[in-house]
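Residue-level structural notes
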Amino acid sequence: MHLSTLAQLSTALESRQISSEELTRLYLERCKKFNDSLNCFITINEDSAMAQAKSADEQRAAGKGSALTGIPIAQKDIFCTNGIKTSCGSKMLDNFIAPYDATVIEKMNAAGIVNIGKTNMDEFAMGSSNETSFYGPVKNPWDKDYVPGGSSGGSASAVAARLSPAATGTDTGGSIRQPASLCGITGLKPTYGRVSRYGMVAFASSLDQGGPMTQTAEDAALMMNVIAGFDQRDSTSAEVPVDDYTAKLNDSIDGLKIGLPKEYFDEGLDSNIAKLIEDGIKELEKLGAVCKDIELPNTQLSIPAYYVVAPAECSSNLSRFDGVRYGYRCDNPEDLSDLYCRSRGEGFGKEVKRRIMIGAYVLSAGYYDAYYLKAQQVRHLIRDDFQNAFKEVDIIAGPTATGTAFKLNEKINDPVSMYLSDIYTVSVNLAGLPAMSVPAGFSNKLPVGMQLIGNYFEESKLLNIAHRYQQATDWHLQVPGGFE
Amino acid sequence: MSLDKSEVQKIAWLARLAIDEQDISTYSDELSKILGLVETMNSVDTDGISPIAHPLDLTARLRPDEVTETNQRDKFQQNAPVIEAGCYLVPKVIE
């Protein structure tokens, strides 16, 4: 049963083959059994999950509920959950019990989804390896000496190991797609503004976007049907009608025009991965898609622009953590200034401090034009690159990451090398586009993801292509040894 | 761009971050490398390109000025490090 997708579990619950209480207990047992070795959960919500399951069974018995009612799903610990610890992977929020639900959580609760636990993550979502978490690194279930990627590493690892049939993630520079790629699962970063940011701890507000991390594209569509939509409480929420994301999954992709950016297949890409992505694209061609070489000339500039915009927004957003109203406070502050400085100095980890300082620097008097303004201009060029490409093609395909999972401790002491590994994902966030990562094979026994990038609000098209691809391949069905 | 020790201390103060004396040279090293990476964006000419703060051209929404939230002070203060009589306590600011 634990290898089932959301779609299969939905059918099993609907036909009373299993109850939500049985299903939730089964996944809770798996979480408890494997969390010591994988460290993918910060909190396992045993009692509240069982209560939600009971209520879901009652709803179904009364003929109510919807497709996902009664199914356990894990939540990244960045989403505020009323009455449940919400740490964001930081010592700063180690003692924080969220007093309200994020909109994403509220919608999932309303749909009768069981919140099985809060997943581990890079501290404040800053990292690409899940090694910056205050709660220690998450392990990749394909090989525990390797990182799961980040920042949604706990969610990716939990879904790959089938400790939860699906999870939420958030993506500021690749934090859904890159861990999905490194753990061999499906991840969708929706268009900026498609999923509400209300109650999602802010890192870089103009880039952050929540989305599903699942086994299949069909499951991602089912989750999008619950979480997408306009939200009054998010000032940048998109007032654009929401699709039924499952409706077009089976549409033909005959004649679909796929753009292959030459910048995504240059010398920076591992050759085994290049081969697998080419194979993946051939599968799409067999389904009728037509490929065209395109250019995204400013791709190389996306990393420097991102490392101005994201730290600038982070330094502003994280100024709220001052040790006064909530979160960590240092012992015996001498005065108010000492209270601020030591609470923040002791409460934040190294990577977060680095980014706050970069942000404070680029926004400081005399440097603003040279860094922040320049980065915003570059951002404009990057957005234009994509818009020019979408005049000629329907979607863009390429690798999600430059390599497979790397070893724990391999890159953690070299921030710049860690940053550069996100070259294929950050430009999508700067442009605000939707993109997916789907399993496309293995290199040296580690999973590889193929990235599909769509135009604004074209999540349905991406899900359709990914679904058709998954009907023709079985990479997404592979489960790491020891977790079958 | 390389940041010396005093610049690191100045930035840390601007960001209200206490950092250990012994870590300053590491920060100086790492931050300089990151800024070096950032400066590669100077390779492109952006004269006449308008800056964008946001991917989508959004304008701020307006709403009627109505009370929509209820007062939940006690609940919110359960997360506070130190409170007294409904107030958040901090070290004395004015003698």
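Throughout what follows, the structure given in this document is the object of discussion. (Residues numbered from 1 in each chain as written. Chains lettered and ligands numbered in written order. Predicted model: local features only at pLDDT ≥ 70, side-chain atom pairs only at ≥ 80, totals over all residues. Heavy atoms only, no water.)

**A word on the overall build of chain B**
Looking only at helices and strands, chain B features 3 helices and 2 strands. Sequence-ordered secondary structure for chain B, helices as α and strands as β, is α-α-α-β-β. For 95 residues, the compact-globule estimate of 2.2 N^0.38 gives 12 Å, and the C-alpha radius of gyration of chain B, at 22 Å, exceeds that figure by more than 25%. If you line up chain B on its principal axes, its C-alpha atoms span 55 × 45 × 25 Å. The buried share of chain B, reckoned over its 95 residues, is 28%. Carbon together with sulfur atoms contributes 51% to the accessible area of chain B, which is approximately 6,700 Å² in total. For chain B, the distance from the average position of its 9 positive side-chain charges to the average position of its 17 negative side-chain charges is 8 Å. (Helix = DSSP H or I, 4+ residues; strand = E, 2+ residues; numbered from the N terminus. Rg over C-alpha atoms; globule rule 2.2 N^0.38 Å. Buried < 20%, exposed > 50% of the residue type's maximum accessible area, 1.4 Å probe, protein only. Areas by Shrake-Rupley, 256 points an atom, 1.4 Å probe, with all protein chains shown as cover. Lys, Arg positive; Asp, Glu negative; His and termini not counted. Charge placed at Lys NZ, Arg CZ, Asp CG, Glu CD.)

**What about unusual backbone geometry?**
Residue and element names in this part refer to chain A. Of note, the amide linkage connecting Gly150 to Ser151 takes the cis form, showing an omega dihedral of 10°. Its location among the elements puts Ser151 in the loop between strand S3 (114–119) and helix H5 (153–160). One non-glycine residue with positive phi stands out, namely Lys445, at about 65°. Along the chain, the position of Lys445 falls in the loop between strand S10 (435–443) and strand S11 (446–453).

**Concerning the environment of Arg383(A)**
Its place among the elements puts Arg383(A) in helix H12 (residues 368–389). By relative accessible area, which is 11% here, Arg383(A) ends up buried. Through-space distance from the C-alpha of Arg383(A) to that of Ser427(A) is 8.2 Å; in sequence the pair is 44 residues apart. Apart from residues lying up to four places away in sequence, Arg383(A) is in contact with Ala431(A), Tyr456(A), Ile52(B), His54(B), Pro55(B), Leu56(B) and Asp57(B). (Contact = heavy atoms within 4.5 Å.)

**Focus: the interface of chain A and chain B**
At the interface, 72 residues of chain A touch 51 residues of chain B. Both faces considered, chain A and chain B share a buried interface measuring about 5,300 Å² in area, 68% of it formed by carbon and sulfur atoms. On the chain A side of the interface with chain B, the three residues burying the most area are Met357(A), Tyr361(A) and Lys374(A), jointly 12% of the side's total. Remark: the boundary between chain A and chain B carries 1 salt bridge. Here Arg354(A) makes a salt bridge to Glu30(B), at a shortest N to O gap of 2.8 Å. Remark: the boundary between chain A and chain B carries 20 residue pairs in polar contact (both at pLDDT 80 or more). Listing elements by their share of the side of chain A that touches chain B, those giving two or more residues are helix H9 (302–317), helix H10 (336–347), helix H11 (350–362), H12, helix H13 (415–420) and helix H14 (426–431) of chain A. Per-element accounting of the side of chain A that touches chain B gives the leading share, 12 residues, to H12(A). When the residues that make up the side of chain A that touches chain B are grouped by side-chain class, the tally is 39 nonpolar, 17 polar and 16 charged. (Buried area = accessible area lost by both parts, 1.4 Å probe. Salt bridge = Lys/Arg side-chain N within 4 Å of Asp/Glu carboxyl O. Polar contact = N/O pair within 3.5 Å; in protein donor to acceptor, adjacent residues only side chain to side chain. Nonpolar A, V, L, I, M, F, W, Y, C, P; charged D, E, K, R; others polar.)

**Looking at the packing of H9(A) against H11(A)**
Residue and element names in this part refer to chain A. Where H9 meets H11, the axes come as close as 7 Å, and the angle between the chain directions of the two elements is 100°. Taken together, H9 and H11 sit at an angle that is classed as roughly perpendicular. In contact with Tyr307, Val308, Pro311, Ala312, Cys314 and Ser315 of H9, H11 contributes Arg355, Ile356, Ile358, Gly359, Ala360 and Val362. Here the residues of the contact of H9 with H11 sort into 9 nonpolar, 2 polar and 1 charged. (Axes fitted to C-alpha atoms, helices over the stretch in contact; angles between N-to-C directions. Parallel < 35°, antiparallel > 145°, perpendicular 65-115°, else oblique.)

**Observations regarding the state of the cysteines**
Residue and element names in this part refer to chain A. Taken as a whole and judged by the stated rule, the model has 0 disulfides over all chains. Here Cys183 stays free of any disulfide, with the sulfur of Cys40 as its closest cysteine sulfur at 9.2 Å. For Cys183, a relative accessible area of 0% translates into the label buried. (Disulfide = S-S within 2.5 Å.)

**Thoughts on the packing of aromatic side chains**
All names here are of chain A. Inspection of the entire model under this criterion finds 17 aromatic pairs over all chains. Judged by centre distance (5.8 Å) and plane angle (70°), the ring pair of Phe124 and Phe348 falls under edge-to-face. In this pair, Phe124 is assigned in the loop between S3 and H5 and Phe348 in the loop between H10 and H11, connecting sequence segments 224 residues apart. Accessibility expressed as a relative area gives 1% for Phe124, which makes it buried. (Phe/Tyr/Trp six-rings, centres within 6.5 Å; stacked < 30°, edge-to-face > 60°.)

In short, the description is geometric, and any link to function would need to be established separately.
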